[in-house]
Amino acid sequence: MRIDFDPNELDRYAFYRLLTAVVVPRPIAWVSTVSAAGTDNLAPHSFFTVSSVNPPIVQFTSVGRKDSVRNVEETGQFVVNLAPEHLFEQINASATEFPRGVSEFDEVGIAREPSLRVKPPRVAASPVALECELHSTLRLGDATVVFGRVLHAAVSDAVLVDGHPEVDRLRPLMRLGKDEWGTVGDVLEIKRIPLDEWPRTPGR
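Residues numbered from 1 in each chain as written. Predicted model: local features only at pLDDT ≥ 70, side-chain atom pairs only at ≥ 80, totals over all residues. Heavy atoms only, no water.

Novice: With reference to specific residues and values, describe the pattern of salt bridges.
Specialist: Taken as a whole and assessed by the stated rule, the structure comprises 11 salt bridges. With a shortest N-O distance of 3.1 Å, R70 and D67 are connected by a salt bridge. Pair noted here: R70 and D67 are both in helix α2 (residues 67-75), with a separation of three residues, about one helical turn. What makes D67 buried here is its relative accessible area of 12%. Between R100 and D67 there is a salt bridge, with its nearest N and O atoms 3.2 Å apart. Of this pair, R100 sits in the loop between α3 (88-93) and α4 (104-108) while D67 sits in helix α2, and the two are 33 residues apart along the sequence. Judged by relative accessible area, R100 falls into the partly exposed class, the value being 40%. Residues joined by salt bridges that share partners form a network here, namely D67, R70, E74 and R100. (Salt bridge = Lys/Arg side-chain N within 4 Å of Asp/Glu carboxyl O. Helix = DSSP H or I, 4+ residues; strand = E, 2+ residues; numbered from the N terminus. Buried < 20%, exposed > 50% of the residue type's maximum accessible area, 1.4 Å probe, protein only.)

Put into structure tokens, the structure is as follows:
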């Protein structure tokens, strides 16, 4: 038996809670930006993915008009910092809705480091930073999707094995439903089956 949920019959928050409980796990873009006035901002966004490989473009979605979006629109730059497990409490704290003009780096006590290609700082303790310039934005209802072209990727050598990032060293956090977060558990590995190796039924 299934239970039916109609988004037209539920209030916005109730259906939001349903969506975020079933679209799981979600990777986290820990986005650092700088306002036109020079104040930096840091916030986690769990609506995040890769949009394009050539050119390399990533996207995150801000539900509501958060400072991340305002700053990106003002300056055209942002950094996606990987949200690692050991910074769990700081990542959660940076989601606090501080007044505009207040830096989460300072309030939460998160160390910065300069970026190479863009003005927003990187999170010093994050193992990966993707420095981006704004490609475009898309308004969808009460949300803004931000697309950024990756200009530079900075990866800690501590998470590399033979030059490739390993998930058991990255230890990325992920968002689940309610106030739940996830960590990397069992990792399954399997290769795709090439068409010429697909098992065929005799006579077909």
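Novice: A description of the layout of surface pockets should follow, citing residues and the corresponding values.
Specialist: Estimated volume of the largest pocket: approximately 910 Å³. Lining the largest pocket are 33 residues; nearest its centre among them are Y16, P44, K66, A95 and E97. Sorting the residues of the lining of the largest pocket by element identifies α1 (12-22), β3 (40-45), β5 (57-63) and α2 as the ones contributing at least two each. Classifying every residue of the lining of the largest pocket gives 11 nonpolar, 10 polar and 12 charged. Empty space within the second largest pocket amounts to approximately 560 Å³. Lining the second largest pocket are 25 residues, and of these F48, L82, V128, L130 and L170 sit closest to its centre. When contributions to the lining of the second largest pocket are tallied by element, the ones reaching two or more residues are β4 (48-52), β5, β6 (77-82), β9 (128-140), β10 (143-155), β12 (164-165) and α5 (167-170). Examining the composition of the lining of the second largest pocket, we find that four residues originate from one element, β4, more than from any other. (1 Å grid on protein atoms, 1.4 Å probe; cavity = no way out; pocket = protein on both sides within 12 Å on 5 of 7 lines; lining within 4 Å. Points joined across faces, edges and corners; volume = space filled by probe spheres on them. Nonpolar A, V, L, I, M, F, W, Y, C, P; charged D, E, K, R; others polar.)

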